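Residue-level structure breakdown
Chain residues, written in single-letter form:
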Amino acid sequence: MNDITKHEAPREPAEREPRLETLLPPVDIFEEDNALHVIADMPGVSREGLHIEVDNNVLSLEGEVQLEMPEGMRALYAEVRAQRFARRFTLSQEIDADAIEARIDNGVLHLVLPKKEVHRRRRIEVQTT
Amino acid sequence: MFGDLRRFDIGRPQGLDWVRQLMDEVFPEGGPADIRSVPRGSFPMINVGRTDEAVRVYVFAAGLSAGELDVSLQDNVLTVAGRREPAAEEKAQQTHFRRERPHGEFSRSVALPDGLDIERAEARFRNGVCEIVLPKREELKPRRIEVQAS
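Calculation notes
- Residues numbered from 1 in each chain as written.
- Chains lettered and ligands numbered in written order.
- Predicted model: local features only at pLDDT ≥ 70, side-chain atom pairs only at ≥ 80, totals over all residues.
- Helix = DSSP H or I, 4+ residues; strand = E, 2+ residues; numbered from the N terminus.
- Buried ≥ 20, exposed ≤ 12 C-beta atoms within 10 Å, placed from the backbone.
- Contact = placed C-beta atoms within 7 Å.
- Core = buried A, V, L, I, M, F, W, Y, C linked by C-beta atoms within 7 Å.
- Pairing = 2+ DSSP bridges.
- Axes fitted to C-alpha atoms, helices over the stretch in contact; angles between N-to-C directions.

Let us look at the overall build of chain B. When you go through chain B residue by residue, the secondary structure sums to one helix and eight strands. Secondary structure of chain B in N-to-C order comes out as α-β-β-β-β-β-β-β-β. Within chain B, the fraction of its 150 residues that count as buried is 22%. Residue pairs in contact within chain B that sit at least 24 positions apart in sequence constitute 53% of those at least 6 positions apart.

This is the structure:
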């Protein structure tokens, strides 16, 4: 018991130090035309500030919020309190990672994740006997 | 670089907001709330900052463009209203897994400080963020007072 408190006490301030706060962008995900579509709200993120990566079947979306703010500005009221959006999803094997397309328009990211050819939905004919 | 939102640093980070929302639901606030207040984080999110010259309002309205956001000011209350269309039209062939992005009509108001020159207000849209600059009236800007030696 004593051990636990000893470990916990000094750790607390250290943990607070790297203040890399991120915002979780709201997403819509749906499947259509043999592809998964991911739509994420990332206001303030431009094409240059966007970073999309697929590593080991993990899709990470990251975006840096770039706003013009004059020097010496103080907050009166703030709901957005970080300058980075980040969200990660695990993909299944059926996604063709090389064919992922992305575009960002007015702060809305649209990703198209096509399925591999072999995993596409097939219609099975029911034959009459 | 002043693209730094962390200067908007009052209180807890946004990532904990769901905890707060949950707590608010379970233990509703006893004290009086502002009559126009909405739950924190409603669409669109709003930041308000102040410099010596102006008050700047940032409306985080992703997916909207300049014509689609209606900004109006009455007395000191700024109202942003509009409508966001769903990203893709519904089709029979769609299977939805997540639907977190709000859509439809919205309207939000924030109270701003006194003494703004509404006539000179400007707004512009960039990457889904609308920035509204409301200059302070001349007589309200901070002034330096010379201390004279007697």
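There is more to say after this.
So, on to the overall build of chain A. Across its full length, chain A holds one helix and eight strands. A total of 129 residues make up chain A; the buried ones form 25% of that total.

Our next topic: the nonpolar core. Grouped together as the largest cluster of nonpolar side chains are 43 residues, with contacts concentrated most on Leu109(A), Val57(B), Val59(B) and Phe60(B). Residue assignment for this core shows that the elements contributing at least two residues are β2 (35-41), β4 (58-64) and β8 (108-114) of chain A together with β1 (45-50), β2 (54-60), β4 (77-84) and β8 (129-135) of chain B. Filtering out sequence-adjacent residues up to four positions away, Phe60(B) remains in contact with Pro43(A), Gly44(A), Val80(A), Pro44(B), Met45(B) and Val129(B).

On to the sheet that holds strand β3 (residues 50-55) of chain A, then. By way of backbone hydrogen bonds, the strands of a sheet pair with one another, either parallel or antiparallel. All names here are of chain A. The strand order β3-β4-β6 describes an open sheet built from three strands, whose pairing is antiparallel. Looking along the sheet, the strands with just one partner apiece sit at the ends: β3 and β6 (84-90). Mean inter-strand twist for the sheet, computed between neighbouring axes without regard to direction, equals 10 degrees. Here six bridges tie β3 to β4, and the two strands are oriented antiparallel to one another. Bridge pairing in β4 links Glu53 to Ser60.

This part is about the environment of Val48(B). Note that Val48(B) resides in strand β1. By the C-beta count within 10 Å, which is 23 here, Val48(B) ends up buried. Remark: the alpha-carbon pair of Val48(B) and Asp114(B), spanning 66 residues in sequence, is separated by 14 Å. In this structure Val48(B) touches Leu76(A), Tyr77(A), Val55(B), Val57(B) and Val110(B), once residues within four positions along its chain are discounted.

Strand order in the open sheet formed by five strands is β7(A)-β8(A)-β2(A)-β1(A)-β5(B), with antiparallel pairing between adjacent strands. Sheet topology places β7 (101-105) of chain A together with β5 (95-99) of chain B at the edges, where each strand pairs with a single neighbour. Looking at each pair of strands side by side, their axes are set apart by 15 degrees on average, direction ignored. Two elements, β2(A) and β8(A), share seven bridges in a ladder whose sense is antiparallel. When the bridges of β8(A) are listed, Val38(A) appears paired with Leu111(A).

Turning our eyes to something else, we now look at unusual backbone geometry. Residue and element names in this part refer to chain B. In this structure, Asp75 takes a positive phi of about 50 degrees despite not being glycine. The topology assignment puts Asp75 in the loop between β3 (69-74) and β4. Look at Asp75 and you get exposed, because 9 C-beta atoms sit within 10 Å. Positive phi is not limited to glycine here, since Asn127 has a value of about 50 degrees. As for its placement among the helices and strands, Asn127 is situated in the loop between β7 (122-126) and β8.

Across six bridges, the pairing between strand β1 (residues 27-32) of chain A and β2(A) is antiparallel. Its bridge partner being in β2(A), Phe30(A) is matched across the sheet by His37(A). Here β1(A) hands over to β2(A) after two residues, with Asp33(A) in that stretch at a positive phi of 50 degrees. Bridging between β1(A) and β5(B) involves four bridges; their strand directions are antiparallel. Bridging from a neighbouring strand, Phe30(A) pairs with His96(B) of β5(B).

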